[in-house]
Amino acid sequence: MRERAHRAIPGGCHTYSKGDNQFPANAPAFLAAGRGCRVRDPGGREFTDWGMGLRSVILGHAYPRVLDAVNAELIRGSNFTRPSPIETYLAEDLIELIPCAEMVKLAKNGSDVTTAAIRLARAATGREIVIFPREHPFYSFDDWFIGTTLLDGGVPQASRQLSVTVPYGDIEALKDLFALHAGAVAAVIMEAATGGPPPEGYLEAVRALTFHEGSLLVYDEMITGFRWDEAGAQALYGVTPDLATFGKAIANGFSVSALVGKREIMQLGDIERRRSNVFLLSATHGGETHAIAAARATIAEVREREVVAHIWRIGSRLQLGLEAAAREAGLTGLMSCGGYPCSPTLSFAGAAGVASGPQIRTLFLQEMVTRGVLIPYIAPSFSHDDAEVDRTAEAAADACACIREVIDGAPIESRLQGPVVAPVFPATETTVQRP
């Protein structure tokens, strides 16, 4: 099946983060089914899943309430020649929930809406330069972002020149860029936070700066949305952007994304009423009713069942378990589990003359797979419980013992079953991976 996939699909899959080079050699090549936080490969092997569909499955695989909502829509059809009422219902749900949301446009993936946000910001300001933090791993597969990475083949030089990166948390560096590109910055797009809290006052300063300079502030809430807080990071930190983009967890794995924002900006995309010439978003499948039903059911479950609190608690317990496993094996400084409990980050450092950080990470992932745990990154869900945390911590203790043997002299090459796991973007030898 793997050979067939590579013959038919560039890279063997439709999402680079799911590619063979992202996993150890013994990882399942394919996953065929899942329920809750457990998944199964075509051969019947079962794993505890911490990746949860690139962080999109926040409730659990095949979650009953979501499936019931989807099935109820499917029997009525899935796409029509005119809008379905459910499109308005979901838009109203998001407007009620998210601080910056006064109007909503739906699409199918994150890149759709982040790129639409950039286009809208340029139209609203009459400017072209876009600024975003260089540490944040992914904003879009479109030219304005990909052109800033080493995977920039096919991106015109003119597009690359319009995107500028800045260190996250450095407000003075951001001010310098505004001065360098005076009157030309359309927007700052950013994740409000990733692995840890923003520096004190930083988000407020960015908000004030963009307002003063006449630029828009856009939050990419693909990961933070419905995970940091049910209303997103903007609610948790109390800083409201002009526009925000949501996806991933919004529909528990079904394909829905959303651009939300202030009415006076979003209305520029209303070409029917000739408010401007902005072709904002027009997706044939943007109104796919069963996916929208999945989003409404997911949002309702998140709000009614205190899903966010559960995710923070489970993530915290897992962090403690993984940190304890590393400490007991004497790997403090080589392996750590930090970040927010709702979205923990696993980090690995190299041991000079023994093994590199990527090699140690690969050995850890390999040994976890051997013990039935798939943990390329950590996305706690509502279906993860204390028993799964304990099981994962026990597996981690064994995996850390294997790493200890390498540190004590066992050749790393003799322990690895295949190539070292690679980052999606080859710019650095980073060992913190986020899809």
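See the structure above.
For clarity, every value in this text was computed on a predicted model and none was experimentally measured.

Calculation criteria
Residues numbered from 1 in each chain as written. Predicted model: local features only at pLDDT ≥ 70, side-chain atom pairs only at ≥ 80, totals over all residues. Heavy atoms only, no water. Helix = DSSP H or I, 4+ residues; strand = E, 2+ residues; numbered from the N terminus. Expected span 1.5 Å × (residues − 1). Buried < 20%, exposed > 50% of the residue type's maximum accessible area, 1.4 Å probe, protein only. Arc of directions from axis to C-beta. Contact = heavy atoms within 4.5 Å. Polar contact = N/O pair within 3.5 Å; in protein donor to acceptor, adjacent residues only side chain to side chain.

1. Side note on helix 9 (residues 202-213)
Inference 1: Taking 1.5 Å per residue, 12 residues should reach 16 Å; helix 9 reaches 16 Å between its end C-alpha atoms and fits that length.
Inference 2: Of the positions making up helix 9, those classed as buried are Tyr202, Leu203, Val206, Arg207, Leu209 and Thr210. Buried residues of helix 9, viewed axially, fall in a sector of 165 degrees; they line one side. Opposite its buried face, helix 9 presents the exposed residues Phe211 and His212, each directed more than 90 degrees away.
Inference 3: Contact partners of the buried residues in helix 9: helix 8 (171-180), strand 7 (185-190), strand 8 (216-220) and helix 10 (233-237).
Inference 4: Once helix 9 ends, the next one or two residues include Gly214, with phi positive near 75 degrees.

2. Some points on the side chain of Thr115
Inference 1: By the element assignment, Thr115 lies in helix 5 (residues 110-125).
Inference 2: Side-chain polar atoms of Thr115 contact the side chain of Ser140, separated by 3.1 Å.
Inference 3: A distance of 2.5 Å separates polar atoms of two side chains, one belonging to Thr115 and the other to Asp142.
Inference 4: Residues within four places of Thr115 in sequence aside, it is in contact with Ser140, Asp142 and Trp144.

3. Structural notes on the environment of Phe141
Inference 1: Its place among the elements puts Phe141 in the loop between strand 5 (129-133) and helix 6 (143-146).
Inference 2: Taking the C-alpha atoms as reference, Phe141 lies 27 Å from Gly357; in sequence the two are 216 residues apart.
Inference 3: In contact with Phe141, other than residues within four places in its own chain, are Asn109, Ser111 and Ile146.

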